[in-house]
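# Geometric and topological summary
Listed below, chain by chain, are the residues.
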Amino acid sequence: MTTIPVLSPSSLWTNVRSVSAFNVVCSFAALWAFVKFSRALRWRLKTTRLRGPPRTSFIYGVSHDLASSQDSGGMYERWATEYGVVYMIPSVFGQSRIVLCDPRAIAHFYARETWTYLQTPLTAALRETIVGRGLLWSEGEAHKRQRKALTPAFSNAAIRKLTSVFYDSAYKAKGAWDTIIESSKDGDTVIEVQNWMNHISLDTVGIAGFSHDFGSLDGKHASVTEVFDTFGANQQASTMNNVFFLVASAFPIITKIPNKRINLTKKLSATMGKISNDLLIRSRREKDANISERDEEKSVIGLLIKSESQDAELHMSAEEVMAQMKVLLVAGYETTSISLTWALIELSRHPDVQTRLREELLAFGTDPTYDQLKVNLPYLDAVVHEILRLHPPLGEFTRLAAADDVIPLSEPVHTESGEKTDSISIAKGTLITISVAAINRSLAIWGPDAKEYKPDRWLTEDGITGKAKEVQGHRHLLTFVDGPRTCIGKDFAIAEFKVVLSVLVKNFVFEMRDGPDTEVEIASGLLPRPRVVGEDGIGVPLRVRRCE
């Protein structure tokens, strides 16, 4: 006789619970799949299907090609020539991105940034990790409030008072280089200039922004520079970093998994956080003791302390205040030093430009004031803006559409089906990419000499072509972007750039160490940086001698 086992109540409950758990998991998986399918279907129905390059990788689309290229801007430009001023590229794990290369479309996009077009989850996660929930991270009303609170620190009046700080840093570097050259036998020496531009930028932003001298130009050890420099030290890791961030663009959650790059990012954030906290504590004490002058309230740190007050019109939380400090350290250090390094490289490659610039500076005589830098030295202005055009510190960015939109175009394009259209429909969830480098160097926009370093284009009425004049941005460039996210420190950066370059070019002659045909490549740092081929890290050695 067969006996039927009788389950105990506890065993029965365990079986029921395991089945229920399995059903719940299956239900969530089905729901997730349904939501994904619905979104994909809606995206296909609502988004204009555009032509574009074929997928070169089943996993990465064309994203790996772009990430590993020394000239991704050139790739975007070639595709624009082939497929039209807006086109679609295959991205990671079946995703697609729409690329805008049309001035009218880009102007429409920028006018709606922080509201309709937001940072991607990956960008937001990385920015929060590095600098916190400050101006770079925030969107919408929070971004508007934070920007308004900081704006007085970057007015013409505020920067005018800081010009002497820019000169102090430049002349410190000059003094150090004089000493190095004096100790050389041949009257010239090889100087790794990128490292020096880092020192100038750090000390300048420390004094100008926070009334603190990091002393890196005096040889003092600054913990923040050590961490910044580590980003560019291991170039072998850059390939793995590319793969990691490509995968993270589809699955941002993996940025929570520790790896060398993420750990380094967290170390940078912690280091900047400690520095910022120390500076804030010191400044609060000075304010309480009435040591600070009234003008300090218009400095960056003065405005931040003022905004901490609960009754402040533009109140910022302690977390937001700390984040602004980190943002300004990163932006002030990275972007200016990169631009200055590129300027010295291009002047070394083009001795005729260098000589002409030096002649203008020497003919002017004394060190120009802030207002004179803006209007009285046209060739210096041209040299600086040509660097900003050819070598933008941030080459591209991608945003996520938070709502459906229709983007107008200045010229029609063919869709995937062959139809012509002068506008494109964008569904919520669409990824939009703009390549700053492609627009700044576009042959279609800037003319046949767009790839050349040619400061003269800024000196004549017809130097800027009609198409370039359609680009809305500072001097028709996207280097400082446009719209609500226009770089708040743009005038600060340009003034510092001009001051440092004027002092160095007036006093020294620069040459590529290995001759004018020396190859320069892009190396991975926190931002992409120039590097002479064959050098370690981010080395840019130039031969420097005193100007006779």
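Use the structure listed above.
To start, this report covers the structure provided alongside it.

Thresholds, definitions, all that
Residues numbered from 1 in each chain as written. Predicted model: local features only at pLDDT ≥ 70, side-chain atom pairs only at ≥ 80, totals over all residues. Heavy atoms only, no water. Axes fitted to C-alpha atoms, helices over the stretch in contact; angles between N-to-C directions. Helix = DSSP H or I, 4+ residues; strand = E, 2+ residues; numbered from the N terminus. Left-handed = near helix turned anticlockwise from the far one by under 90°. Contact = heavy atoms within 4.5 Å. Nonpolar A, V, L, I, M, F, W, Y, C, P; charged D, E, K, R; others polar. Buried < 20%, exposed > 50% of the residue type's maximum accessible area, 1.4 Å probe, protein only. Phe/Tyr/Trp six-rings, centres within 6.5 Å; stacked < 30°, edge-to-face > 60°. Lys NZ or Arg CZ within 6 Å of the ring centre and 35° of its normal. Pairing = 2+ DSSP bridges. Core = buried A, V, L, I, M, F, W, Y, C linked by side-chain atoms within 4.5 Å. Expected span 1.5 Å × (residues − 1). Patch = residues over 30% accessible without salt bridge, like charges linked within 9 Å, V, L, I, M, F, W, Y side chains within 5 Å. Areas by Shrake-Rupley, 256 points an atom, 1.4 Å probe, with all protein chains shown as cover. Salt bridge = Lys/Arg side-chain N within 4 Å of Asp/Glu carboxyl O. Parallel < 35°, antiparallel > 145°, perpendicular 65-115°, else oblique.

### Remarks on the packing of helix H16 (residues 378–390) against helix H19 (residues 490–507)
Put simply, H16 and H19 touch, their axes get as near as 10 Å, and they point 120 degrees apart. In the crossing of H16 with H19, the sense of the turn from one axis to the other is right-handed. Taking contact as the criterion, the partners of Leu-380, Asp-381, Val-383, Val-384, His-385, Ile-387 and Leu-388 in H16 are, on H19, Ile-494, Phe-497, Lys-498, Leu-501 and Ser-502. Classifying every residue of the contact of H16 with H19 gives eight nonpolar, two polar and two charged.

### Points about the environment of Phe-93
Along the chain, Phe-93 turns up in the loop between strand S1 (86–90) and strand S2 (96–100). A residue is classified by how much of its surface remains accessible, and Phe-93, at 40% relative accessible area, is partly exposed. For Phe-93, the residues in contact, after removing those within four places along its chain, are Ile-59, Val-247, Ala-250 and Phe-251.

### Points about the packing of aromatic side chains
Considering all chains together, one arrives at 15 aromatic pairs under this definition. For the ring pair Phe-109 and Tyr-110, a centre distance of 5.6 Å and an interplane angle of 70 degrees mean the geometry is edge-to-face. We classify Tyr-110 as buried; its relative accessible area is 1%. On the basis of an interplanar angle of 35 degrees and a centroid distance of 4.8 Å, the ring pair of Phe-109 and Tyr-117 is categorised as tilted. Pairwise contacts between aromatic rings join Phe-109, Tyr-110, Tyr-117 and Phe-397 into one cluster. A cation sits over an aromatic face here: Arg-389 above Trp-446, 5.4 Å from the ring centre.

### Quick look at the sheet that holds strand S8 (residues 431–435)
Pairing within the open sheet is mixed, and its five strands lie in the order S1-S2-S8-S5-S3. Of all strands in the sheet, those with a lone pairing partner are S1 and strand S3 (117–119), marking the two edges. Going from strand to strand, the sheet's axes swing by 40 degrees on average, the running direction of each strand aside. Relative to S2, S1 is paired through five bridges, and the arrangement is antiparallel. Bridge pairing in S2 places Pro-90 opposite Ser-96. Sitting on the sheet, helix H4 (residues 103–111) is in contact with S2, S3, strand S5 (396–401) and S8, with an inclination near 120 degrees to S8.

### A word on the nonpolar core
Core analysis: the biggest nonpolar cluster contains 140 residues, and Leu-100, Trp-177 and Leu-501 have the highest contact counts within it. Sort the elements by how many residues they give to this core and helix H13 (residues 318–349) lands first, with 15 residues. Not counting residues within four places of it along the chain, the set of residues in contact with Leu-100 comprises Val-85, Val-86, Ala-105, Ile-106, Phe-109, Ile-407, Ile-424, Ile-432, Thr-433, Ile-434 and Ile-439. Membership of the second largest hydrophobic core comes to five residues, among which are Leu-122, Ala-248, Ile-254 and Ile-262.

### Side note on H16
The end-to-end C-alpha separation of H16 is 18 Å, in line with the 18 Å expected for 13 residues at 1.5 Å each. Counting buried residues along H16, 12 of its 13 residues qualify, which places the element largely inside the surrounding structure. Buried within H16 are the following residues: Tyr-379, Leu-380, Asp-381, Ala-382, Val-383, Val-384, His-385, Glu-386, Ile-387, Leu-388, Arg-389 and Leu-390. Looking at the buried positions of H16, the neighbouring elements they touch are H13, helix H14 (351–364), helix H15 (370–375), helix H17 (436–440), helix H18 (443–446) and H19.

### Some details on the environment of Thr-341
Mapped onto the elements of the fold, Thr-341 is located in helix H13. Considered as a pair, Thr-341 and Ile-387 are 46 residues apart in the sequence and their alpha carbons are 9.9 Å apart. Excluding anything up to four places from it in sequence, Thr-341 contacts Gln-194, Met-197, Pro-530 and Val-540.

### So, a nonpolar patch on the surface
On the surface, a nonpolar cluster with roughly 570 Å² of combined accessible area is contributed by Phe-58, Ile-59, Phe-93, Phe-251 and Ile-253. Mapped onto the elements of the fold, Ile-59 is located in the loop between helix H1 (9–46) and helix H2 (63–68).

### Some remarks on the pairing of S8
Most of S8 sits out of view: five of its five residues are buried. Relative to S8, S5 runs antiparallel, the two sharing five bridges. Bridge pairing in S8 links Thr-398 to Thr-433.

### A look at the packing of helix H12 (residues 300–308) against H13
In contact at an axis separation of 10 Å, H12 and H13 are set at 165 degrees when each is read in the N-to-C sense. One way to sum up the angle between H12 and H13 is to call them roughly antiparallel. Between H12 and H13 lies a crossing whose hand is right-handed. Note on element contacts: H13 touches H12 through Val-321, Gln-324, Met-325 and Leu-328, opposite Val-300, Ile-301, Leu-304, Ser-307 and Glu-308. When its residues are assigned to classes, the contact of H12 with H13 shows six nonpolar, two polar and one charged.

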